[in-house]
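# Chains, contacts and geometry: an overview
Listed below, chain by chain, are the residues.
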Amino acid sequence: MKAEVVVIGSGISGLTAAALLAKKGKRVVILEQNRRPGGALKRFTRRGIPFDIGFHYSGGMGKGEILRALWKYIGVWPRLAVLPFPEEGNENLRIMDSGKVVRAFFSYDRLEDELQRVFPGEKQGIYAYLNKIREISNTIPFFNLDLPLTPYLHDLFSPKGMSLAQLLMSLIRDTDLHAVLSTPVFLYGVPPREVNLTIHASVAHPLYSGVYAIDGGGQAIVDAFLATLAEAGVDILTGQKVESVLIRGNQVAGVKTSEKEIYASHVIYTGHPTSLLDLVPGEIFRKAFCNRMRNLINTDSMFIVFGAIDDPDTLGDLTWINYYNIRTGLDIMDLDLRHPEKSIMINAPGRRDSDSTGASGGVLLIRMSVWDEVARFDQGVREKRSAAYRKWKAESADKMIEQAGRLWGDAYSRIEPLAIGTPLTFRDKLGLPMGATYGVRHSMNQFSPGVRTRLPGLWLSGQGTLMAGIMGASLAGMVTVGEIEGLEPLWYEVRQCR
Amino acid sequence: MISDEQVYQQVTQIMAEEFELEPESLQPDATLYEDLGLDSLDAVDMVVALEKAFGMKMTDEEAVRSVRTLADLFDLVCRLKNRQVTKE
Ligand SMILES: Cc1cc2nc3c(=O)[nH]c(=O)nc-3n(C[C@H](O)[C@H](O)[C@H](O)COP(=O)(O)OP(=O)(O)OC[C@H]3O[C@@H](n4cnc5c(N)ncnc54)[C@H](O)[C@@H]3O)c2cc1C
């Protein structure tokens, strides 16, 4: 089989890259190891209830905003029914130490009002923080679409500057407020002391500018891309794990799966950058590169209960409000396994579907997790798990359900777990090393992998290269195609669609 | 504290191992890009390898970019090492 470009992986970054290349007239083949395409965007169904995994909401879909422009350019936008969160939608943040509750609205103005109401002594700091985020976002081309991409991307890959923690400590004394303003870190997985303001603003700014769900969830995004790709003649081969990259001379020649060889002069790899080393013969990369990829620090993982509730109306407004129980201070991501009260989050993305007959009964309970919690149960990928693992999983889920009942009302204690995701699940189903939910940690302490590699024709993309999240990964697909086809001309065309 | 001589030896060793370069080619006046054949992609890997080995940060991009020869690199690493010691 022959193509001009092979894209490894059918997550949002691979789908975006393939669609852009097809639009440029390239013959593209996507290879996906799982039986169903879509990566983290896929939905799965239990007892008729559809559950989202990697898409609950996203910013950037308002008028003139980046995801809307990019997806319009690609042609998927008209296929999507986008649901803006209503004004009252918010992250309902309960600080476990003080019991204080803050509604973090998805709007700069409403958020500022709420924060000033709850923290009247911190008015200036609140203003200064929000202003700073706005100011930084104005220097980021994804939010100020008139800016060129090249200088920004150059700077992004060199970690420097002030951390979120430093900014918050310089402006604000109240540790509850530190926690509240740090909560966007849950959406990209880097602790406040390690993240620079550019990465933070890239998630916080769209969050404060308005967020959106999609009717039908992440699966609707996948389906929209598949329809567009089918029209463009892109082949998607599933159940095809790429085992190696083929090389002729000093140049990419294609890829090999367990079943076939596919020849192409460009290969885009969207999986985790560390796993790239398994696909390329040892002598191609220098040791320094291999060591750097091998030693990348990843984000932590999550423990998720996908549950059902018989009478969804008893849960209160879970449709447009996400409930969080977090600790005070800047270490909100640290998972203290000995501490009886854990940070926990609960939401119900499926309820936002217009046809919510099945979806409305689904609830997600989420907490941070780390590999250490499951390491003792690991018997290799996709091996049958032990009874001890299942017992641990069920007990951990019960604890969370019990905690939710205590925090948010009795109705929550009646949640019945239908599926449970642990670091092992995320490793096996999404190929994330140690179940690292957001892959590579875009931390100030390391250089994130770039798009180019030493091997001509081999390119990286995916959340590890640019940013985590649907927006980050879709933009990563765009940036990689830009590196191949010419970055600024592509960027120019995309931003005409705003 | 390690001496400049030790820094010199360690940098040479790291370059030889991590970039698979012949030790004889690692002369102080060898240029990284022309003589040793490194490119801009290798630069980040080099910084990461040196940061790890010496436990320091090479965040001053201008300084890194102005490095042309191995001697420049030794100087930069020594300077950063010494600054670190003064700070401590
Ligand atoms: C629980 C959870 C909740 C999240 N919530 C949100 C949210 O609400 N909003 C948001 O914006 N983001 C969210 N995210 C993050 C978002 O889902 C990801 O950042 C994004 O989907 C990553 O896309 P990707 O294309 O980089 O990777 P993936 O979606 O992981 O795609 C990579 C694909 O490559 C395939 N692959 C890898 N190696 C090979 C190989 N050798 N051969 C063949 N195929 C291969 C994999 O099977 C996979 O399908 C969440 C993530 C998780 C896990």
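Everything in this summary refers to the structure shown in the same document. (Residues numbered from 1 in each chain as written. Chains lettered and ligands numbered in written order. Predicted model: local features only at pLDDT ≥ 70, side-chain atom pairs only at ≥ 80, totals over all residues. Heavy atoms only, no water.)

## Brief notes about the pairing of strand β16 (residues 344-347) of chain A
Residue and element names in this part refer to chain A. Alternating residues of β16 divide into I344 and I346 and M345 and N347, and every residue in both groups is buried. Here strand β15 (residues 321-326) pairs with β16 via 3 bridges, running antiparallel. Bridging from a neighbouring strand, Y324 pairs with M345 of β16. Both β16 and strand β17 (residues 362-369) contribute to a ladder of 3 bridges, which runs antiparallel. Looking across to β17, one finds that M345 is bridged to I366. (Buried < 20%, exposed > 50% of the residue type's maximum accessible area, 1.4 Å probe, protein only. Helix = DSSP H or I, 4+ residues; strand = E, 2+ residues; numbered from the N terminus. Pairing = 2+ DSSP bridges.)

## Quick look at the interface of chain B and chain A
Opposite the 21 residues of chain B that make contact, chain A presents 16 residues. Taken over both partners, the interface formed by chain B and chain A buries close to 1500 Å², and the fraction arising from carbon and sulfur atoms is 49%. At the junction of chain B with chain A, the criterion picks out 4 salt bridges. A salt bridge links D42 of chain B to R286 of chain A; the nearest nitrogen and oxygen atoms lie 2.8 Å apart. Here chain B and chain A share 9 residue pairs in polar contact (both at pLDDT 80 or more) between them. (Contact = heavy atoms within 4.5 Å. Buried area = accessible area lost by both parts, 1.4 Å probe. Salt bridge = Lys/Arg side-chain N within 4 Å of Asp/Glu carboxyl O. Polar contact = N/O pair within 3.5 Å; in protein donor to acceptor, adjacent residues only side chain to side chain.)

## Examining the nonpolar core
Formed by 123 residues in total, the largest nonpolar core has its most connected members in W71, Y129, F142, Y208 and M478 of chain A. In terms of residue count, helix α14 (residues 469-485) of chain A provides more of this core than any other element does, 9 residues in total. There are two domains that each give this core at least three residues, and those are domain 1 (5-82 + 214-296 + 449-495) and domain 2 (86-210 + 297-435) of chain A. Residues in contact with M478 of chain A, not counting those within four places in the same chain, are T16, L20, L70, F142, L149, L490, W491 and V494 of chain A. Ranked by size, the runner-up nonpolar core spans 31 residues in total, among them M46, A63, V64 and V67 of chain B. (Core = buried A, V, L, I, M, F, W, Y, C linked by side-chain atoms within 4.5 Å. Domains from an automatic or database assignment.)

## As for unusual backbone geometry
For R47 of chain A, which is not glycine, the phi torsion reads 50° and is therefore positive. Among the structural elements, R47 of chain A can be located in the loop between β3 (43-46) and β4 (49-52). The phi dihedral of E20 of chain B is positive, around 50°, even though this residue is not glycine. Position of E20 of chain B relative to the elements: it lies in the loop between α1 (4-18) and α2 (40-54). A residue is classified by how much of its surface remains accessible, and E20 of chain B, at 47% relative accessible area, is partly exposed.

## Notes on the site of the ligand
Residues and elements named next belong to chain A. Residues in contact with the ligand amount to 32 residues; listed here are only the nearest, S13, E32, G54, H56 and Q463. Here H56 contributes a backbone N or O atom positioned 2.8 Å from an oxygen atom of the ligand. Within the backbone of G469, a nitrogen or oxygen atom sits 2.8 Å from an oxygen atom of the ligand. For the ligand, the protein covers 94% of the area, taking 1000 Å² as the surface of the free molecule. Going through the elements one at a time, α1 (12-23), β14 (301-308) and α14 are the ones with two or more residues in the shell around the ligand. The greatest single-element share of the shell around the ligand, amounting to 3 residues, is contributed by α14. (Near = heavy atom within 4 Å. Areas by Shrake-Rupley, 256 points an atom, 1.4 Å probe, with all protein chains shown as cover.)

## Comments concerning the pattern of salt bridges
Evaluation of the coordinates by the stated rule reveals 30 salt bridges over all chains. The closest approach of N and O atoms between E373 of chain A and R367 of chain A, which form a salt bridge, is 3.0 Å. One exposure class covers both E373 of chain A and R367 of chain A, and it is buried. One salt-bridge network, in which partners are shared between bridges, spans R286 and R454 of chain A together with D39 and D42 of chain B.

## Some details on the packing of helix α4 (residues 123-137) of chain A against helix α8 (residues 197-208) of chain A
Residue and element names in this part refer to chain A. At a minimum axis separation of 9 Å, α4 and α8 run at an interaxial angle of 105°. Our classification of the angle between α4 and α8 gives roughly perpendicular. Contacts between α4 and α8 involve Y129, L130, K132, I133, I136 and S137 from the former and L197, T198, H200, A201, A204, H205 and Y208 from the latter. (Axes fitted to C-alpha atoms, helices over the stretch in contact; angles between N-to-C directions. Parallel < 35°, antiparallel > 145°, perpendicular 65-115°, else oblique.)

## With respect to helix α12 (residues 387-408) of chain A
Helical periodicity: at 3.6 residues per turn, an α-helix aligns residues three or four positions apart in one direction. Residues and elements named next belong to chain A. If you check α12, its first and last C-alpha atoms are 31 Å apart, about what 22 residues at 1.5 Å a residue would give, namely 32 Å. Looking only at α12, the buried set comprises Y389, W392, K393, S396, A397, M400, I401, Q403, A404, G405, L407 and W408. Where α12 terminates, the next one or two residues include G409, which has phi positive at roughly 120°. (Expected span 1.5 Å × (residues − 1).)

## A few points about the packing of α1 of chain A against α14 of chain A
Residue and element names in this part refer to chain A. Packing of α1 against α14 brings their axes to within 7 Å, and their N-to-C directions diverge by 40°. The handedness of the crossing between α1 and α14 comes out as right-handed. Along its contact with α1, which presents I12, S13, T16, A17, L20 and L21, the element α14 presents I470, A473, S474, G477, M478, V481 and E485. (Left-handed = near helix turned anticlockwise from the far one by under 90°.)

## A few points about the environment of M169 of chain A
Residue and element names in this part refer to chain A. Position of M169 relative to the elements: it lies in helix α6 (residues 164-171). Taking the relative accessible area as the measure of exposure, M169 reaches 46% and is therefore partly exposed. Those residues in contact with M169, other than ones at most four positions away along the chain, are H178, R193 and L330.

## Section: α6 of chain A
All names here are of chain A. Along α6, the positions that sit buried rather than exposed are L164, A165, L167 and L168. The buried residues of α6 occupy an angular sector of 160° when projected down its axis, which confines them to one face. Looking at the buried positions of α6, the neighbouring elements they touch are α4, α7 (175-182) and α8. (Arc of directions from axis to C-beta.)

## Considering the sheet that holds strand β12 (residues 261-263) of chain A
Residue and element names in this part refer to chain A. Strand order in the open sheet made by the 3 strands is β10-β11-β12, with antiparallel pairing throughout. The sheet is open, and its two borders are formed by β10 (242-248) and β12, each paired with just one other strand. Each strand of the sheet is rotated relative to its neighbour by a mean of 30°, with strand direction disregarded.

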